[in-house]
Amino acid sequence: MRTVKIGHSPDADDAFMFYALTAGKVKIPGIAIEHVLEDIESLNRRARTGDLDVTAVSFATYLLIADQYRMMDAGASMGIGYGPILVARTPIPVTELENRVVASPGKHTTSALLLRLYVGDPPLIEVPFDKIPQAVLDGQADLGLLIHEGQITHQQMGLTKVLDLGDSWQRDTGLPLPLGVNVMRRELGEDVHRAISQGLRDSIAWAHANVDEALDYAMRYGRGIDKETCRRFVLMYVNNYTLSLGPDGRAAVERLFTMARDRGLIGEIPALDPI
């Protein structure tokens, strides 16, 4: 039995995806899984050193690690007309955003890349993603770049949405918005790649077929949100593109990378060979 370390975020959507593997509802023949739970920017950093066998990363980070890691076809986080948002204590004109301090979940997140594409290069402070709303409320930053459930709970915290990056992307491209992706070390080999990808796909399918049970587990990572809010958030991001990128998902990834290259934000685009 081979032990494989899999890194993913302690978030409701990742917990929902991985529940069947965690609980033994789905097994990968010949492979035992050791789960490593860390926030996405920590996983981005670990991937740059090749620390984990399999890990969730931001699509923006994949550009830096494609030589070491292969993209998985299953497990991607794709917004469909929604995605990261910028919030503030009071409304701020879009024309002023580039001059305001932004609390960001990390410079290698896809949300940070989208910020540069749609806003420019505002001054940033890095804040753990779940602490960003409070950082804005406390005045540490003028704006907060929200990922995860803050996208649908910010109003309850007294914050105002000033820019919806998912909506902007949808308007400009008509494609789903690539945010997060699972990757596997290339040296694991084709057979292990196929087995792990199928295992995750089976786990996602099991969760979709047993939503309430998987949600009960995911609620442990919901940071106090109620079950229906958790359900809404999870099913926003564990969607058909999570089972498989498909033609539209791949086109969206290529579009994101091409836009970033054309703006001079990245170098060459690596070959995409998801499995």
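The structure this text deals with has already been given above.
A brief look at the structure comes next. Within every chain, residues take consecutive numbers counted from 1 along the sequence as written. Residues qualify for local features only when their pLDDT is at least 70, as the model is predicted, and side-chain atom pairs are given and counted only at 80 or more; totals for whole chains, interfaces and linings, by contrast, use all residues. Heavy atoms from the whole structure form the basis of all side-chain values; hydrogens and water molecules are not counted.

Comments concerning the nonpolar core
It is characteristic of soluble globular proteins that their nonpolar side chains tend to be buried jointly. Applicable threshold: Put simply, buried Ala, Val, Leu, Ile, Met, Phe, Trp, Tyr and Cys residues joined by side-chain atoms within 4.5 Å make one nonpolar core. Here's how the labels work: a residue is buried when its accessible area is under 20% of the maximum for its type, exposed when over 50%, partly exposed in between, all with a 1.4 Å probe on protein chains only. The criterion used for residue contact is that any of the two residues' heavy atoms lie within 4.5 Å.
Ranked by size, the top nonpolar core spans 89 residues in total, and within it Phe16, Phe59, Leu86, Leu114 and Ile196 carry the most contacts. When residues no more than four places from it in sequence are discounted, the contact partners of Phe16 are Ala207, His208, Val211, Ala214, Leu215, Ala218, Val234, Leu235 and Val238. The next biggest cluster of nonpolar side chains, apart from the first, holds ten residues, and it includes Val87, Ile132, Val136 and Leu159.

Focus on the packing of helix H4 (residues 110-118) against helix H12 (residues 246-262)
Filter applied, for reference: Lines fitted to the C-alpha atoms define the axes, with helices restricted to the stretch that makes contact. Angles between their N-to-C directions range from 0 to 180 degrees. Each helix is a run of H or I in the DSSP string that is no shorter than four residues. Each strand is a run of E no shorter than two, and both are numbered from the N terminus. Oblique is the label for any angle not covered by the other classes, which are roughly parallel (under 35 degrees), roughly antiparallel (over 145) and roughly perpendicular (65 to 115). Put simply, a crossing is left-handed when the front helix is turned counterclockwise from the back one by less than a right angle, and right-handed when it is turned clockwise. Gly is placed with the polar residues, together with every amino acid not listed as nonpolar (Ala, Val, Leu, Ile, Met, Phe, Trp, Tyr, Cys and Pro) or charged (Asp, Glu, Lys and Arg).
Two elements in contact, H4 and H12, have axes whose closest approach is 11 Å; the angle formed by their N-to-C orientations is 50°. Classified by the angle between their axes, H4 and H12 sit oblique to one another. Between H4 and H12 lies a crossing whose hand is left-handed. When H4 is examined against H12, the residues Thr110, Leu113, Leu114, Leu117 and Tyr118 are found in contact with a partner set consisting of Leu256, Met259 and Ala260. Looking at the contact of H4 with H12, its residues break down into seven nonpolar, one polar and no charged.

Let's talk about the pairing of strand S6 (residues 85-88)
Our working definition: The criterion for strand pairing is that DSSP finds at least two bridges linking the strands in question.
Of the two faces of S6, both are covered, the one formed by Ile85 and Val87 as well as the one formed by Leu86 and Ala88. Direction of pairing for S6 relative to strand S9 (residues 143-146): antiparallel, over a ladder of three bridges. Note that in S9 the partner of Val87 across the bridge is Gly144.

Some details on the side chain of Thr110
To be explicit about the condition: Any pair of N or O atoms that falls within 3.5 Å is considered a polar contact. Within protein, one atom must be able to donate a hydrogen and the other to accept it, and sequence-neighbouring residues count only if both atoms are side-chain atoms.
Along the polypeptide, Thr110 turns up in helix H4. Overall, the relative accessible area of 2% leaves Thr110 in the buried class. There is a polar contact of 3.0 Å between the side chain of Thr110 and the backbone nitrogen of Phe59. In this structure Thr110 touches Ser58, Phe59, Ala60, Pro178, Leu179 and Leu256, once residues within four positions along its chain are discounted.

Focus: the pattern of salt bridges
To keep things clear, this is the line we draw: Any carboxyl oxygen of Asp or Glu that lies within 4 Å of a side-chain nitrogen of Lys or Arg is treated as forming a salt bridge with it.
Summed over all chains, the structure comprises 17 salt bridges. Put simply, Arg194 and Glu190 hold a salt bridge, and the shortest N to O gap is 2.9 Å. Of this pair, Arg194 and Glu190 both sit in helix H8 (residues 190-209), four residues apart, which is roughly one turn of that helix. Overlapping salt bridges bring together Arg70, Arg186, Glu190, Arg194 and Asp273 as one network.

What about the packing of aromatic side chains?
Definition in use: Only the six-membered ring of Trp is used, alongside the rings of Phe and Tyr, when aromatic pairs are assigned; centres must lie within 6.5 Å, and planes under 30 degrees apart are stacked while those over 60 apart are edge-to-face, with the rest tilted. Criterion for a charge above a ring: Arg CZ or Lys NZ at most 6 Å from the ring centre, at most 35 degrees from the ring normal.
By the definition in use, this model includes five aromatic pairs. Consider the rings of Tyr19 and Trp206, whose centres lie 5.7 Å apart with planes at 55°: the pair is tilted. Here the residue Tyr19 occupies a position in helix H1 (residues 12-22), and Trp206 occupies one in helix H8, the gap between them amounting to 187 residues. Judged by its relative accessible area of 11%, Tyr19 falls in the buried class. With a centroid separation of 5.0 Å and an interplanar angle of 40°, the aromatic rings of Tyr19 and Tyr217 are classed as tilted. Taken as a pair, Tyr19 in helix H1 and Tyr217 in helix H9 (residues 211-218) lie far apart in primary sequence, 198 residues in all. Residue Tyr217 is classed as buried on the basis of its relative accessible area of 12%. In textbook terms, an aromatic cluster arises when at least three aromatic residues are bridged by ring pairs, as seen for Tyr19, Trp206, Tyr217 and Tyr221. Sitting over the face of the ring of Tyr69, Arg185 holds its NZ or CZ atom 5.9 Å from the ring centroid.

Everything listed is a geometric property; what it means functionally is a separate question.
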